[in-house]
Amino acid sequence: MITGIGIDIVQIGRMEGWIRNLKLLERYFHPEELALASSRKNSASQTLAARFAAKEAFGKALGTGLTDIALKDIMITNEKNGKPEIVLFNTAQTAFEKSGANKVHISLSHERENAIAVIILERV
């Protein structure tokens, strides 16, 4: 049963400005996300924008927002085949457990100026 759906869109240009502020990046992104973005040099801002959109979408899917969740406790990574997945730590894991869901579906996309993410929470 679906317990929550969230969607968010982020302007890629917003992340281009953030890339110059390491303190800001460290506040919102898991270290592995920052390493991945750094390795993608020309598409680093697209990578970060899609991940930031996923974090916001996760809060919307929870129905509580991100009030008590540290954004760096939500890590968006990719399986070997490129499929995105979400890994939760600490505050994010606690909020997820409270939601009653036990499975997360995620989809990311970006084109030109925008990145978008959809999160579906499910109880199976």
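Residues numbered from 1 in each chain as written. Predicted model: local features only at pLDDT ≥ 70, side-chain atom pairs only at ≥ 80, totals over all residues. Heavy atoms only, no water.

## A look at the packing of aromatic side chains
Definition in use: Ring geometry is summarised as follows: Phe, Tyr and Trp rings, the Trp one being its six-membered ring, pair when their centres sit within 6.5 Å, and such pairs are stacked at plane angles under 30 degrees, edge-to-face over 60 and tilted between the two. Strands are runs of DSSP state E lasting at least two residues, helices are runs of H or I lasting at least four, and both sets are numbered from the N terminus onward. Accessibility here uses a 1.4 Å probe with only protein chains present; expressed as a share of the type maximum, an area under 20% marks a residue as buried, one over 50% as exposed, and anything in between as partly exposed.
For the coordinates displayed, the defined rule picks out five aromatic pairs. Ring centres of W18 and F52 lie 5.1 Å apart, and the angle between their planes is 80°; this geometry places the pair in the edge-to-face category. One end of the pair, W18, is in helix 1 (residues 12-18); the other, F52, is in helix 4 (residues 44-62), with 34 residues separating them in the sequence. Exposure class is identical for W18 and F52. Each is buried. Plain terms: the ring middles of Y28 and F52 are 5.7 Å apart, the flat faces sit at 80° to each other, and that makes the pair edge-to-face. Remark: F52 occurs in helix 4 and Y28 occurs in helix 2 (residues 22-28); sequence separation between them is 24 residues.

## Describing helix 4
We apply this condition: A helix is expected to span 1.5 Å for every residue after the first.
A rise of 1.5 Å per residue sets the reference length of helix 4, with its 19 residues, at 27 Å; its end C-alpha atoms lie 27 Å apart and thus fit the reference within 8%. With 16 of its 19 residues buried, helix 4 lies for the most part within the structure.

## Some thoughts on the environment of T77
By the element assignment, T77 lies in strand 2 (residues 74-78). Given the relative accessible area of 21%, T77 is considered partly exposed. Note: C-alpha distance between T77 and E33 (44 residues apart in sequence) is 7.1 Å.

## Thoughts on the side chain of D8
We count it as follows: Here a polar contact is recorded for every N or O atom pair within 3.5 Å, except that within protein the pair must consist of a potential hydrogen donor and a potential acceptor, and residues adjacent in sequence are included only if both atoms are side-chain atoms. The contact rule is simple, with two residues in contact once any of their heavy atoms fall within 4.5 Å.
Examined against the element boundaries, D8 turns out to sit in strand 1 (residues 2-11). At a separation of 2.7 Å, a polar atom in the side chain of D8 contacts the side chain of K60. Among residues more than four places away in sequence, those in contact with D8 are A53, E56, A57, K60, A115, I116 and A117.

## What about the pattern of salt bridges?
Counted only if it meets this: The salt bridge criterion pairs a side-chain nitrogen of Lys or Arg with a carboxyl oxygen of Asp or Glu, the two atoms within 4 Å.
Inspection of the entire model under this criterion finds two salt bridges. Note that K60 and D8 form a salt bridge whose closest N and O atoms lie 2.7 Å from each other. Of this pair, K60 sits in helix 4 while D8 sits in strand 1, and the two are 52 residues apart along the sequence. Note that K55 and E33 form a salt bridge whose closest N and O atoms lie 2.8 Å from each other. With a gap of 22 residues between them, K55 in helix 4 and E33 in helix 3 (residues 31-39) connect regions that are remote in the sequence. Of the two residues, K55 and E33, neither departs from the other in class, the shared state being buried.

## Remarks on the confidence of the model for the protein
Filter applied, for reference: Looking at any residue, its pLDDT shows the predictor's confidence there, from 0 to 100.
Overall, the prediction assigns the protein a mean pLDDT of 95, with 100% of residues at 70 or greater. Across the protein, element-level confidence peaks in strand 5 (residues 114-122) with a mean pLDDT of 98 and bottoms out in helix 1 with 91.

## A word on the pairing of strand 3 (residues 84-88)
As a reminder of what qualifies: For two strands to be treated as a pair, DSSP must find no fewer than two bridges joining them.
What you see with strand 3 is a clean split: P84, I86 and L88 sit on the buried side and E85 and V87 on the side with no burial. Remark: five residues form the turn of the hairpin made by strand 2 and strand 3, two consecutive strands paired antiparallel; G82 in that turn has positive phi of roughly 100°.

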